Amino acid sequence: MSGIMKTNDSPSLVRLLVIEDDQETADEIVAEFTEAGYEVRHAADGPQGLALAGSGNFDIVVMDRMLPGLDGLAILGALRQAQISTPVILMSALGDVDERVRGLKAGGDDYLTKPFAMAELAARIEALLRRPALSRETMLKVGSLEMDLIERTVRRGTREIELLPREFKLLDYLMRRPGQVLTRAMLLENVWNYRFIAETNLVDVHVGKLRKKIDAPGEAPMIQSVRGSGFMLIANG
Amino acid sequence: MMSPPAVLSLARLPMFRLALLYSALFALSTLLLFAFIYWQTAVVETNRVDGQLMHDAQFLAHLTPTDLKDTIDTRLMPDFRRVAHAGLFAADGEPIAGNLASFPAHLKLNGIVQRCDVIDAHLVIRAVGLALPDGTRLVIGRNVESLDTLQTVVIHALALGLVPAILLALAAGALASQRTRKQLQKVHETAERIMKGDLRERLPVQGGGDDFDRLASSVNNMLDEIARLMDDVKSVGDNIAHDLRTPLTRVRARLERARESVTTQGEWQQTIDRAIAGLDQALRLITALLRIGEIEGGRRRAAFAPVALHQIAAEIAELYEPIAEEKEVDFVVALDEVPLIAGDRDLLSELMSNLLDNALKFTPAGGAIRVSLRVEGAGLRLEIADTGPGIPPELREAVFQRFFRSDASRSVEGYGLGLSLVDAIAKLHGFTLSIGDNQPGCVIMLWCPKA
């Protein structure tokens, strides 16, 4: 599957727990991520989910918001109470903004409204697994691309690149997540801080403009489109 | 409707029951009145007769036997108004004077007026009997037939007056309730037809302007409103179905065709991608609908905070600026710094985004979009003007309805919910939304009252 990358830097398998009562959805997720090389466990109800997640033996938890036996938010509360900080992605058919806020407040790390593309879930799982440390770095470097956060300058090799403020912010976000698939929704949420779904290909146009500046004719392309998912910055030259 | 026997159904009508009750009350009160009159008359008359008899008896008792005999014959007997019957009897019962052939049976000689029979004359009289010192017995009595006559008269009067009155009342009640029943029957039948689905039916209005007519008019007005709402719901439903069916039909057709003709891995991939895109379009539609429902629910007002509209507008304009550039549309942004207003940043961003999205969608290459914000009077005025096809005046209300799309815009990709969403967000904030003519194109105006 195109959107899912194995984390090559960790020798052991990533352990993923799926807490989901709808068997078909669960099967899809388990199959998808098993295929992508994750070690996947599945819990079909709240109490079982809490028991497994409470062991602390997982790298990431994907959990439905509404579960039989024990509510997703209750599980989340219990986990955080027990100082278990495993990243949790909540999934819900409830698209309300309030619901999302409640989920994040309860200690969720991300919130996905059903239905979602599997690539979206994969990208968000990757993002949480490789969450960049809050670094005090003043320079970001991906391949030959360098960003000076103090001077607010960007150069590729020796070529100076002029960027608009929003382009700078977009590139900043990309450079902190090299080799990682970033979906349109993730970019709109994290670079622009918007949660609505835009009709037009807004993000594509912005990324396209940035790409023209980063990847000059003749240079190896660094900003790549990942079909069906989004974009990725790779250290290419 | 089932038809029970007429009388039964009549008796079940409140109107007729009321008529019955009134008739009964009327009869009872009349009966009581007549009884009172009869009783009063009879008692007074009896007392008067009794008094006279007592008085006469006392007077006669003090006369000498000769005088007594004379008086009975000369003074009492001819006076028919006073004493109808009198008799003086010897101790053995032999009549001495008067018009009584024999001493009345059972008459006690105690000087008290009592009822007694005069057998030979077939009469009932009120009489008083006295035993006189010489051993004779004096009886004077009075015919009280007049009292019996009075009773008869009263009963006749009752029969003549009361019975027709009751019959009349019942007839009137029956008539009135029959009319009511018929009207109710009509209402009932109409209601049945409406419940069966014929919403065009209306209750009959006689035109007399009575309570029934007014009620019928109110119900009819209500039905008009319900019919209008039903039409709205129906057309929204139709539009949803249509807008959902379009992408789903395309997906289906694509998959079907792919099953027959696709051979290579790449072609499969392409087919699947396009199918997913079609499904996403259908899902976006549902999401947008739910969003509008959520906003119209109004719960988000709780999250209002002071926001700078010029900032929100600037950020969204910046987001869309490259799109305009790509489409070769002139993009002018003229935002004044305006006072803070209470609002929801996310929703207002979404509103702006939808308006710009629309403007960009409908403005052809070489056209222009102008976004402006300024203080005007007691509020702020946000305008987004484009040089697209514009919206004809008669459609400017309709475009805010869910799923409306004018024929001109049908060909442009979109799900027709943008303006409904904008309208819902504006309403939540208490903003006034209107559409004007940009000659050419349209200008969307949003007026926001200052805090």
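So, a few notes on the structure that sits alongside this text. (Residues numbered from 1 in each chain as written. Chains lettered and ligands numbered in written order. Predicted model: local features only at pLDDT ≥ 70, side-chain atom pairs only at ≥ 80, totals over all residues. Heavy atoms only, no water.)

1. Quick look at the environment of Ile292(B)
Residue and element names in this part refer to chain B.
Then, in step 1: As for its position among the elements, Ile 292 is in helix α6 (residues 265-297).
Then, in step 2: Under the relative-accessibility criterion, Ile 292 is labelled buried at 0%.
Then, in step 3: Here the alpha-carbon distance between Ile 292 and Val 422, two residues 130 residues apart in the chain, equals 9.0 Å. (Helix = DSSP H or I, 4+ residues; strand = E, 2+ residues; numbered from the N terminus. Buried < 20%, exposed > 50% of the residue type's maximum accessible area, 1.4 Å probe, protein only.)

2. Overview of the packing of aromatic side chains
Two numbers describe a pair of aromatic rings. These are the distance of the centres and the angle of the planes.
Then, in step 1: Scanning the entire structure with this criterion turns up 2 aromatic pairs over all chains.
Then, in step 2: Plain terms: the ring middles of Phe33(A) and Tyr38(A) are 5.2 Å apart, the flat faces sit at 90 degrees to each other, and that makes the pair edge-to-face.
Then, in step 3: Note on Tyr38(A): relative accessible area 6%, which makes it buried.
Then, in step 4: With 5.6 Å between their ring centres and 85 degrees between their planes, Phe89(B) and Phe103(B) make a pair best called edge-to-face. Here Phe103(B) lies in the loop between β2 (95-98) and β3 (114-118) and Phe89(B) lies in strand β1 (residues 85-89), a separation of 14 residues in the sequence.
Then, in step 5: Taking NZ or CZ as reference, Arg137(B) lies 5.2 Å from the ring centre of Phe103(B), over its face. (Phe/Tyr/Trp six-rings, centres within 6.5 Å; stacked < 30°, edge-to-face > 60°. Lys NZ or Arg CZ within 6 Å of the ring centre and 35° of its normal.)

3. A look at the sheet that holds strand β4 (residues 123-131) of chain B
Residue and element names in this part refer to chain B.
Then, in step 1: The strand order β2-β1-β5-β4-β3 describes an open sheet built from 5 strands, whose pairing is antiparallel. The open sheet has two edge strands, β2 and β3, and neither has a second partner. For this sheet the average axis-to-axis angle between neighbouring strands, irrespective of direction, equals 35 degrees.
Then, in step 2: Sheet analysis places β1 next to strand β5 (residues 137-143), joined by 5 bridges and oriented antiparallel. Across the sheet, Phe 89 pairs through a bridge with Arg 137, a residue of β5. (Pairing = 2+ DSSP bridges. Axes fitted to C-alpha atoms, helices over the stretch in contact; angles between N-to-C directions.)

4. Re the packing of helix α1 (residues 23-35) of chain A against helix α5 (residues 118-129) of chain A
Residue and element names in this part refer to chain A.
Then, in step 1: One way to put it is that α1 packs onto α5 with a least axis distance of 11 Å and a crossing angle of 60 degrees. Overall, the two elements α1 and α5 adopt an arrangement that is oblique. Between α1 and α5 lies a crossing whose hand is right-handed. Contacts from Glu 28, Ile 29, Glu 32 and Phe 33 of α1 reach α5 at Met 118, Leu 121, Ala 122 and Ile 125.
Then, in step 2: Class assignment of the residues belonging to the contact of α1 with α5 gives a composition of 6 nonpolar, no polar and 2 charged. (Parallel < 35°, antiparallel > 145°, perpendicular 65-115°, else oblique. Left-handed = near helix turned anticlockwise from the far one by under 90°. Contact = heavy atoms within 4.5 Å. Nonpolar A, V, L, I, M, F, W, Y, C, P; charged D, E, K, R; others polar.)

5. Things to note about the environment of Arg193(B)
Then, in step 1: Along the chain, the position of Arg193(B) falls in helix α4 (residues 145-195).
Then, in step 2: Setting aside anything within four residues of it in sequence, one finds Arg193(B) in contact with Asp198(B) and Glu201(B).

6. Quick notes on the interface of chain A and chain B
Then, in step 1: Facing the 20 residues of chain A at the interface are 28 residues of chain B.
Then, in step 2: For the chain A and chain B pair, buried surface summed over both sides reaches about 2200 Å², with 54% attributable to carbon and sulfur atoms.
Then, in step 3: As a salt-bridge pair, Arg227(A) and Asp273(B) come within 2.0 Å of each other at their nearest N and O atoms.
Then, in step 4: For the pair chain A and chain B, the number of links is 4 residue pairs in polar contact (both at pLDDT 80 or more).
Then, in step 5: Broken down by secondary-structure element, the contributors of at least two residues to the side of chain A that touches chain B are α4 (97-105) and α8 (202-214) of chain A.
Then, in step 6: The element best represented in the side of chain A that touches chain B is α8(A), accounting for 4 residues.
Then, in step 7: Residues of the side of chain A that touches chain B, tallied by class, amount to 10 nonpolar, 4 polar and 6 charged. (Buried area = accessible area lost by both parts, 1.4 Å probe. Salt bridge = Lys/Arg side-chain N within 4 Å of Asp/Glu carboxyl O. Polar contact = N/O pair within 3.5 Å; in protein donor to acceptor, adjacent residues only side chain to side chain.)

7. Digging into the nonpolar core
Then, in step 1: The biggest cluster of nonpolar side chains holds 90 residues, and the ones touching the most others in it are Leu145(A), Leu171(A), Leu187(A), Tyr320(B), Leu356(B) and Ile369(B).
Then, in step 2: Broken down by element, the residue count for this core peaks at 9 residues, all from helix α7 (residues 309-326) of chain B.
Then, in step 3: Val18(A), Ile89(A), Met91(A) and Ile125(A) belong to the second largest nonpolar core, which has 18 residues in total. (Core = buried A, V, L, I, M, F, W, Y, C linked by side-chain atoms within 4.5 Å.)

8. What about a nonpolar patch on the surface?
Then, in step 1: The grouping of Leu33(B), Phe36(B), Ile37(B), Trp39(B) and Val43(B) at the surface amounts to a nonpolar patch, some 490 Å² of accessible area in total.
Then, in step 2: Along the polypeptide, Phe36(B) turns up in helix α2 (residues 14-61). (Patch = residues over 30% accessible without salt bridge, like charges linked within 9 Å, V, L, I, M, F, W, Y side chains within 5 Å. Areas by Shrake-Rupley, 256 points an atom, 1.4 Å probe, with all protein chains shown as cover.)

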